[in-house]
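# Coordinate analysis (summary)
Residue-level listing of the chains:
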Amino acid sequence: MEECKMRRSCLIFLVLFSLSLPGWSQSLEDLARPHEGRSMRTTSTHVLPDGAYDSDSNWDNSNVKPGDTKTLLDVKGPGEITHIWMTFLGPEPHPWAKDGAANHQEILLRMYWDKRPEPDVEAPVGEFFTCGFGTRMEVLSLPVIVDDGDAYNCFWRMPFREAARIEIINQSDKNIGLPYYNVDHGFSLSFGIVPIS
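What this report covers is the structure whose coordinates are included nearby. (Residues numbered from 1 in each chain as written. Predicted model: local features only at pLDDT ≥ 70, side-chain atom pairs only at ≥ 80, totals over all residues. Heavy atoms only, no water.)

Right, let's talk about the environment of Gly177 for a bit. By the secondary structure assignment, Gly177 is in strand β12 (residues 176-177). Between the C-alpha atom of Gly177 and that of Gly100, which follows or precedes it by 77 residues, the distance is 8.3 Å. Those residues in contact with Gly177 that lie beyond four places of it in its chain are Ser62, Asn63, Phe88, Leu89 and Ala101. (Helix = DSSP H or I, 4+ residues; strand = E, 2+ residues; numbered from the N terminus. Contact = heavy atoms within 4.5 Å.)

What follows deals with the packing of aromatic side chains. By the definition in use, this model includes four aromatic pairs. Each member of the aromatic cluster is reached from another via a ring pair, and the members are Phe88, Phe128, Phe129 and Tyr152. In this structure, Arg165 packs its charged tip against the face of Tyr112, placed 4.0 Å from the ring centre. (Phe/Tyr/Trp six-rings, centres within 6.5 Å; stacked < 30°, edge-to-face > 60°. Lys NZ or Arg CZ within 6 Å of the ring centre and 35° of its normal.)

Before going further, it helps to examine the nonpolar core. Membership of the largest hydrophobic core comes to 31 residues, with the highest contact counts inside it found for Ile81, Ile84, Met86, Val125, Phe129 and Ile166. Here this core takes four residues from strand β5 (residues 107-113), the largest share from any one element. Setting aside residues no more than four positions away along its own chain, Phe129 makes contact with Ile84, Met86, Val139, Val144, Val146, Tyr152, Asn153 and Cys154. Formed by five residues, the second largest nonpolar core is a distinct cluster that contains Leu89, Ala97, Ala101 and Tyr180. (Core = buried A, V, L, I, M, F, W, Y, C linked by side-chain atoms within 4.5 Å. Buried < 20%, exposed > 50% of the residue type's maximum accessible area, 1.4 Å probe, protein only.)

The next point concerns the sheet that holds strand β11 (residues 163-170). Taken in spatial order, the four strands line up as β3-β11-β5-β6 in an open sheet, and their pairing is antiparallel. Each end of this open sheet is capped by a strand with a single partner; those strands are β3 (69-76) and β6 (121-124). Sheet twist, expressed as the mean angle between neighbouring strand axes with direction ignored, is 10°. (Pairing = 2+ DSSP bridges. Axes fitted to C-alpha atoms, helices over the stretch in contact; angles between N-to-C directions.)

Listed below in structure tokens is the structure:
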């Protein structure tokens, strides 16, 4: 009798689990589906005095010193972040960093939504982009891609109502070497958010 109940419970669980799979996979597919709204980008690309981006120059190279914070995004109004890309020098010695640079475990990523004083996301860059234990590795998945182990991409959709701020903090005794980034964000109608005109 007890064995029959156990089998019935297992069967019910398997049926319910298999029914949930199509909905789960569809939600992952929705990550890449275009949404109606207005798209923008905050980037490390050098900006000319007239406000135009200077994609042909290398004036946007910089370092984040030990203990310093660099803001990658600070926007007001409702919207959602759709893509984050970043890259920086690895920890090994390099012509640009003779003694090496901070590794992705020593770079703390913080995200703040809707003017809250405490971060809503706080994780080392490595963990956030699924590269743990200080090892740079390639990751190929729908929501996170780390191309060649050094181009970090995240496609999680992160909605906000009032404001969003993303920053990195250097917790190393070495510079974050040559950080470059793009943060794609916009005002989406998919979450019932009215775009700012």
